[in-house]
Amino acid sequence: MDPSLDTWDFSSPLMSLWMNRFYVYLGFAFGISLWICFQIVIRKQLFIFKDKNSQKSVPKATGDLMTNGYIPLQKKEVFVSGVKIFYGSQTGTAKGFATSLAEAVTSLDLPVAVINLKEYDPDDHLVEEVTSKNVCAFVVATYTEGRPPESAEWFCKWLEEASSDFRFGKTYLKGMRYAVFGLGNSAYASHFNKVGKNVDKWLWMLGAHRVATRGEGDCDVAKSKHGSIEADFRAWKTKFLARLQTLQKGEKKPCDGNCKRGQCESSAEEEPFESTSEEESGTEDHQNLNSVVDVEDLGKIMNYVKKEKREKEQQEEKSSLVRNTVKNEASERRAMITPALREALTKQGYQLIGSHSGVKLCRWTKSMLRGRGGCYKHTFYGIESHRCMETTPSLACANKCVFCWRHHTNPVGTEWRWKMDQPEMILKEAIENHQNMIKQFKGVPGVKEERFEEGMMVKHCALSLVGEPIMYPEINRFLKLLHECKISSFLVTNAQFPVEIRNLKPVTQLYVSVDASTKDSLKKIDRPLFKDFWQRFLDSLKALAAKQQRTVYRLTLVKAWNVDELQAYAELVSLGNPDFIEVKFKIDSEWWTWIDYNRFQELMQEYEDSGGSATFSAKDYVAKTPHWALFGACERGFDPKDTRYQRKNKSKDISGC
């Protein structure tokens, strides 16, 4: 036996530990793992306890852990950052309600601001509410004949125009949250709470989200839902505050979520219009006719059938009367503006004149009244945008262009077949309507007093509003009246009336819309009514070349439609020889693109006095282009006398003229 083995005693404890050392190590590792897991659980429980109880003071142990970085401090998400309460008041009632609402909102520990709509500029600030996380409450009264109070006139006018302006679109105020309470008197049923309803509708049309049902206060105690207008307001205020608390918690539904699907009262919140009970009952009765009915209800059904038969007979009598009337009046011309067209154009902000004319205030006119710059005509030609009247003596057109930004609301035709108003009446009412629209800007924030006074005196007329002005049979008389009033003329035509272009008397500047350069693309884009549209188009350009006054090609280039026909466009330029495609206004290395308007009026007077023999050309009334309007200038075409204003919502481009 080996003697070395005799020295080992396998029965000793140390020897046992050594022989089983692997199990010892494993036990130590398991114990350490348990200790680490225990520490993690303890610290997590401390963090949850702190978050649930929202304690103002942090325990020392937890504070030490936070200091050491073991527990991350998470920022609590804010769902409502504050409430802005806007009011438009005539007698002070709406202002009092706004103040009362502000006091109630303050109790919810929310910042609140009460704003008089007279001192608020929606053009500058309303879009800020898209990302502000504020909730906006509007307390607005309805004044005489359904009009807004004086303090809210500008806000309502801006909102109405923006809601029907395609450049703003249906998502302009997407993200803004609002609620409306209107004040009115049901004794005036035709316009009860009209302003509140309109503000609610216009905000919704711009994409804003209604967070509470519109409230309607009624001054007529006998008809008020709650006995008085004050009680009506208190009832709406209670609902609004409850909704506000729900929003604070981050909940989107105003209810507790236990309602049946499709039957929640809030499901109709995003609908601006509601059907009446009579319409609903009528629909229900009509549906019941096709279902199994009780014998006891047979009398009711028969009455309904008889009533329907009587209505049908009356309708047939009316139709027969209309047919006879049309037949008897077939020789008489009808009005161009139909009731449906009048309603559509009025909603878009047009002031209609007579039976076929209209005027509208350009957004650049508003901009220059406030010293924020004018349109491109100011930069290129020296037009004073705040003194420019945009009008047309003919709402009709001979094209149905695919990119028409007038929404195809205007009538179409190849010849004048409507009643005709006299040019004196059209011009008189156009100027009066234009001045009335300018008057509405008196007192509007930012409007310069001297610009306002100048704006009341029309100096330029842009005959480019809608339709084809040159279709108007008395267009030359209308132009003569403009020039007699010392108003410059900028006329736009769609190049389908070459004879009328040739017969046109001198205008300050004549535009031709060149929407395509080939026959196929013109047919596809303009969708003209004339069968010989291409020949008319070419003849119109030739007639333009014979004009001695200033002429302009206005190109409308649409990607994937007409931008790849460069050579064909060059041929059309050679055909029409316009002044502002082929450069003619660089004299002695200096640009002379502006217009000497006084000189033009003098030349027109000489032309009229001589019976048309004293002709003149475009170069006879040019003016030097200022340095700021030139390419490469640091002002980049913006008049330094004005202040450049950048919209805060840069994701939405609403440029255009």
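Notes on the structure follow. Everything quoted here is computed from the prediction, not taken from an experiment.

Rules and cut-offs
Residues numbered from 1 in each chain as written. Predicted model: local features only at pLDDT ≥ 70, side-chain atom pairs only at ≥ 80, totals over all residues. Heavy atoms only, no water. Helix = DSSP H or I, 4+ residues; strand = E, 2+ residues; numbered from the N terminus. Contact = heavy atoms within 4.5 Å. Areas by Shrake-Rupley, 256 points an atom, 1.4 Å probe, with all protein chains shown as cover. Expected span 1.5 Å × (residues − 1). Axes fitted to C-alpha atoms, helices over the stretch in contact; angles between N-to-C directions. Parallel < 35°, antiparallel > 145°, perpendicular 65-115°, else oblique. Nonpolar A, V, L, I, M, F, W, Y, C, P; charged D, E, K, R; others polar. Pairing = 2+ DSSP bridges. Core = buried A, V, L, I, M, F, W, Y, C linked by side-chain atoms within 4.5 Å. Buried < 20%, exposed > 50% of the residue type's maximum accessible area, 1.4 Å probe, protein only. Polar contact = N/O pair within 3.5 Å; in protein donor to acceptor, adjacent residues only side chain to side chain. Salt bridge = Lys/Arg side-chain N within 4 Å of Asp/Glu carboxyl O.

We now examine the overall build of the protein. Within the protein, the regular secondary structure consists of 21 helices and 17 strands. Put simply, of all contacts in the protein between residues at least 6 apart along the chain, 74% involve residues at least 24 apart. Accessible area of the protein: about 37500 Å², with a carbon and sulfur share of 53%.

Below, the discussion takes up helix H14 (residues 423-439). Each turn of an α-helix holds 3.6 residues, which means side chains three or four residues apart point in the same direction. Compared with an ideal rise of 1.5 Å per residue, which puts 17 residues at 24 Å, H14 spans 24 Å between its outermost C-alpha atoms and is within 8% of the ideal. Considering only its buried residues, H14 is in contact with strand S7 (351-353), strand S8 (357-360), helix H12 (363-369), strand S9 (388-392), helix H15 (449-455) and helix H16 (475-484).

The next subject is the packing of helix H18 (residues 519-526) against helix H19 (residues 533-545). Packing of H18 against H19 brings their axes to within 10 Å, and their N-to-C directions diverge by 100°. It follows from the interaxial angle that H18 and H19 lie roughly perpendicular. Of the residues in H19, those in contact with Lys-519, Leu-522 and Lys-523 of H18 are Phe-533, Trp-534 and Phe-537. Residue classes in the contact of H18 with H19 are distributed as four nonpolar, no polar and two charged.

Strand order in this open sheet of seven strands is S7-S8-S9-S10-S11-S12-S13, and the pairing throughout is mixed. Two strands close off the open sheet at either side, each with one partner strand: S7 and strand S13 (550-555). Averaged over all pairs of adjacent strands, the angle between their axes in this sheet comes to 25°, without regard to strand direction. Pairing geometry for S7 and S8, over three bridges, is antiparallel. Residue pairing in the sheet places Leu-352 in a bridge with Gly-358 of S8. Each of strand S10 (460-463) and strand S11 (488-493) is contacted by H16, which is oriented at about 150° to S11, the strand it contacts most.

Another point: the nonpolar core. Leu-126, Phe-138, Leu-159, Met-176, Val-199, Leu-203 and Phe-537 are the most contacted members of the largest nonpolar core, which totals 93 residues. Excluding anything up to four places from it in sequence, Leu-126 contacts Tyr-120, Asp-121, Phe-155, Trp-158, Leu-159, Leu-173, Met-176 and Leu-203.

Position of Ser-385 relative to the elements: it lies in the loop between helix H13 (376-381) and S9. Within the local environment of Ser-385, its side chain forms a polar contact with the backbone nitrogen of Cys-375, the two atoms lying 3.1 Å apart. If we skip the residues at most four places from it in the chain, Ser-385 touches Trp-364, Thr-365, Met-368, Gly-374, Cys-375 and His-378.

Attention now moves to the pairing of strand S1 (residues 82-88). The buried fraction of S1 is high, at six of seven residues. Where S1 meets strand S3 (residues 134-141), seven bridges bridge the pair, whose relative direction is parallel. If you follow Gly-88 over to S3, its bridge partner there is Val-140. Across five bridges, S1 lies against strand S2 (residues 112-116) in parallel orientation. Across the sheet, Ile-85 pairs through a bridge with Val-114, a residue of S2.

On to the pattern of salt bridges. Taken as a whole and assessed by the stated rule, the structure comprises 19 salt bridges. Linking Glu-384 and Arg-387 is a salt bridge whose minimum nitrogen-to-oxygen distance equals 3.6 Å. Just as Glu-384 is buried, Arg-387 falls in that class too. Residue Lys-428 pairs with Glu-432 through a salt bridge whose shortest N-O separation is 2.9 Å. One end of the pair is Lys-428 and the other is Glu-432, both in helix H14 and four residues apart, which spans about a single turn. Using a relative accessible area of 35% as the deciding quantity, one classes Glu-432 as partly exposed. Among the charged side chains, a salt-bridge network with shared partners connects Asp-200, Arg-210, Arg-214 and Glu-216.

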